[in-house]
Amino acid sequence: MGNTEYYSNPWEPVEKSATVSMIALAFYNGLFAYGGWNNLNFITEELQNPHRDLPCAIIIAMPVVTAIYVLANVAYFAVVPIKEFLSSDTTGLLFGNKMFGIMAWIIPVSVSLSCFGSVNGLLFTSGRLFFVGARRGDLPVLVSMIHVKNHTPSPSLLFTCLTSLIILCVKDVFALISFFSFGMWLWVAVSITGMMYLRWKKPELKRPFKLPLVVPVIFTLCCIFIVVLSFVEAPEHSGYGLLINALGIPVYLLFIYRKNRPKTYIDFMEKATISLQKLMFVVAQETLVGEEETRKQLMSDDRQNQVLESEIENT
């Protein structure tokens, strides 16, 4: 246990030889664990100096996380035989039982803390994504509102919670990762392609972050490779992911793109929005910004009056 005999022939197939499409599908599970770099971009508005902090966070975090995950897997394969590794759904617990004995509880506790931190980060970043989407008119206006006292986008956080609970109805976690990853990497490829299109059509736009064109080209090709080959290897899971994304098209056409909505629908949405505003104690962001600017202006005027009165008394 803990030696290198399990690494003597690492490329020997356990059940069957790996194909290119199987390798692409395996990337799904691996890349899912490194998805934090993408979520960081959702909270650019929250950063005081995004031009400095965003690149630093990604450059520092990615190598650290990569080193930790790779070393953890090296430890797993050094202790657990490959066949046991593949047959177990709780590899960490199996590793803990072999290494720590009665202290094996450390592994599930550590995994739980890691999951808690990951969920906390996902809620924080995904909530901002829905918040900005609603502000642009892609979601109900209520989702773009913020709490009056805390100034937090609580409706978007609740919306994130509800959608997450619906997604968790899928029992198979690997199928869930396939659904999620297919849509994510598909739209990442589309987004990067759109960015390159703007680099070509509108080169005069100001770009705080600008990379050599070869970097997004290679990245987009890798995304296409993963998406296409994973669809070939697991058409059912990828097909469900494609279907979930396709369901957004009629919703967009009916509720976002269409301008002449029925008056009944408009009245219902207005009444529902007002009622939920009162329930959650939220208002539009512009309202609070306007009130804050007015308050600062009044304080500034009061300060000017005090200075003026002081000068009059001195003279």
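To be clear, the structure that these remarks concern was listed above.
Let me begin by describing the structure that accompanies this report. Every chain is numbered independently, its residues counted from 1 as its sequence is written. For this predicted model, a pLDDT threshold of at least 70 governs which residues receive local features, and a threshold of 80 or more governs which side-chain atom pairs are given and counted, while totals over whole chains, interfaces and linings are taken from all residues. Each side-chain value is worked out from all heavy atoms of the structure, with water and hydrogens disregarded.

This brings us to unusual backbone geometry. A positive phi is found at His151, a non-glycine position, where the angle reads about 60 degrees. Going along the chain from the N terminus, every DSSP run of H or I of four or more residues is numbered as a helix, and every run of E of two or more is numbered as a strand. Inspection of the secondary structure puts His151 in the loop between strand E1 (145–147) and helix H7 (154–167). For Phe281, which is not glycine, the phi torsion reads 60 degrees and is therefore positive.

Attention now moves to helix H9 (residues 214–233). In this analysis, the expected span of each helix is defined as 1.5 Å times one less than the number of residues it contains. Look at H9: 29 Å from first C-alpha to last across 20 residues, which is about the 28 Å you get at 1.5 Å a residue. Exposed residues in this analysis have more than 50% of their type's maximum accessible area, buried residues have under 20%, and partly exposed residues fall in between, with area computed by a 1.4 Å probe over protein chains only. Considered for burial, the residues of H9 that qualify are Pro216, Thr220, Cys223, Ile226, Val227, Leu229 and Ser230.

Moving on, we come to the nonpolar core. Burial of nonpolar side chains together is a common tendency in soluble globular proteins. One finds Tyr28, Phe182, Met184, Trp185, Val188, Ala189, Ile192, Met196, Cys223, Ile226 and Val227 forming the largest nonpolar core, which totals eleven residues. Counting residues per element, the ones that place at least two in this core are helix H8 (173–201) and H9. Residues belong to a common nonpolar core when they are buried Ala, Val, Leu, Ile, Met, Phe, Trp, Tyr or Cys residues joined through side-chain atoms within 4.5 Å. Within the second largest apolar cluster, five residues are counted, among which are Val80, Phe85, Phe95 and Ile107.

With that settled, the discussion passes to the environment of Leu186. Among the structural elements, Leu186 can be located in helix H8. Taking C-alpha positions, Leu186 is 9.2 Å from Val228, a pair spaced 42 residues apart along the chain. Those residues in contact with Leu186 that lie beyond four places of it in its chain are Val227 and Leu242. Two residues qualify as a contact provided that any one of their heavy atoms is within 4.5 Å of a heavy atom in the partner residue.

The next thing to look at is helix H5 (residues 91–100). All of the buried residues along H5 are Thr91, Gly92, Phe95 and Gly96. Along the long axis of H5, the arc covered by the buried residues comes to 135 degrees, so they all point the same way. Where H5 is buried, its residues touch helix H3 (50–79), helix H4 (82–87) and helix H6 (106–135). Among the residues trailing H5, Gly101 stands out with phi positive, at a value near 65 degrees. What the arc measures is the spread of directions leading from the helix axis to the C-beta atoms.

Orientation is described by axes fitted as lines to C-alpha atoms, over the contacting stretch for helices, and by angles from 0 to 180 degrees between their N-to-C directions. Here helix H10 (residues 235–246) crosses helix H11 (residues 248–257) at 0 degrees, and the two axes come no closer than 5 Å. Our classification of the angle between H10 and H11 gives roughly parallel. Contacts between H10 and H11 involve Ile244, Asn245 and Ala246 from the former and Gly248, Ile249 and Pro250 from the latter. Each residue gets one of three labels, nonpolar for Ala, Val, Leu, Ile, Met, Phe, Trp, Tyr, Cys and Pro, charged for Asp, Glu, Lys and Arg, and polar for the others, Gly among them. Class assignment for the residues of the contact of H10 with H11 results in four nonpolar, two polar and no charged. Should an angle lie under 35 degrees it is considered roughly parallel, over 145 roughly antiparallel, and from 65 to 115 roughly perpendicular; all remaining angles are considered oblique.

In this section: a nonpolar patch on the surface. There is a patch of nonpolar side chains on the surface, built from Met99, Phe100, Ile102, Met103, Trp105, Ile106, Val109 and Leu113 and spanning about 800 Å² of accessible area. For the nonpolar patch, the element with the highest residue contribution is H6, accounting for three residues. Assignment of secondary structure puts Leu113 in helix H6. Any residue with relative accessible area above 30% and no salt bridge may belong to a patch, with like charges joined within 9 Å and the nonpolar Val, Leu, Ile, Met, Phe, Trp and Tyr side chains within 5 Å. For every accessible area listed, the method is Shrake-Rupley and the probe measures 1.4 Å; residues are considered covered only by the protein chains on display. Basic side-chain nitrogens of Lys or Arg form a salt bridge, by our definition, when they fall within 4 Å of a carboxyl oxygen of Asp or Glu.

With that settled, consider the environment of Leu242. Tracing the backbone shows Leu242 in helix H10. Measuring from C-alpha to C-alpha, the distance between Leu242 and Gly183 comes to 6.7 Å, with 59 residues separating the pair along the chain.

Further remarks concern the side chain of Ser144. Note on placement: Ser144 falls in the loop between H6 and E1. A 3.5 Å cut-off defines polar contacts: any pair of N or O atoms within that distance qualifies, except that in protein one atom must be a possible hydrogen donor and the other a possible acceptor, and neighbouring residues in sequence count only when both atoms are side-chain atoms. Among the polar contacts made by the side chain of Ser144, one reaches the main-chain carbonyl oxygen of Val141 at a distance of 2.6 Å. Every residue in contact with Ser144, bar those within four places of it in the chain, is listed here: Phe131, Ala134, Arg135 and Gln285.

So, on to the packing of aromatic side chains. Ring pairs (aromatic) are described by centroid distance and by the angle formed between their planes. Here a Phe, Tyr or Trp ring, Trp counted by its six-membered ring, pairs with any other such ring whose centre lies within 6.5 Å, and the pair is stacked when the planes are under 30 degrees apart, edge-to-face when over 60, and tilted otherwise. Taken as a whole, this structure holds five aromatic pairs when the rule is applied. Centroid distance Tyr76 to Phe95: 5.1 Å. Interplanar angle 65 degrees. Geometry classified as edge-to-face. With Tyr76 in helix H3 and Phe95 in helix H5, the pair connects residues that are 19 residues apart, well separated along the chain. Look at Phe95 and Phe100: their rings are 6.2 Å apart centre to centre, the planes differ by 85 degrees, and that puts the pair in the edge-to-face class.

This next bit is on the packing of H8 against H9. For the pair H8 and H9, interaxial distance at closest approach is 9 Å and the crossing angle is 150 degrees. Accordingly, the angle class assigned to the pair H8 and H9 is roughly antiparallel. For the pair H8 and H9, the sense of crossing is left-handed. Contacts between H8 and H9 involve Phe182, Trp185, Leu186, Val188, Ala189, Ile192, Thr193, Met195 and Met196 on the former and, on the latter, Pro216, Val217, Phe219, Thr220, Cys223, Ile224, Val227, Ser230 and Phe231. Should the near helix be turned anticlockwise from the far one by less than a right angle, the crossing is left-handed, and should it be turned clockwise, the crossing is right-handed.

Turning our attention to the pattern of salt bridges. One pass over the structure, following the stated rule, counts two salt bridges. The residue Asp53 makes a salt bridge to Arg52 at a minimum N-O spacing of 2.8 Å. In this structure, Lys263 engages Asp267 in a salt bridge whose closest nitrogen and oxygen atoms are separated by 2.8 Å. Placement of both Lys263 and Asp267 in helix H12 (residues 263–280) is noted, with a separation of four residues, approximately one turn of the helix. A residue is classified by how much of its surface remains accessible, and Asp267, at 27% relative accessible area, is partly exposed.

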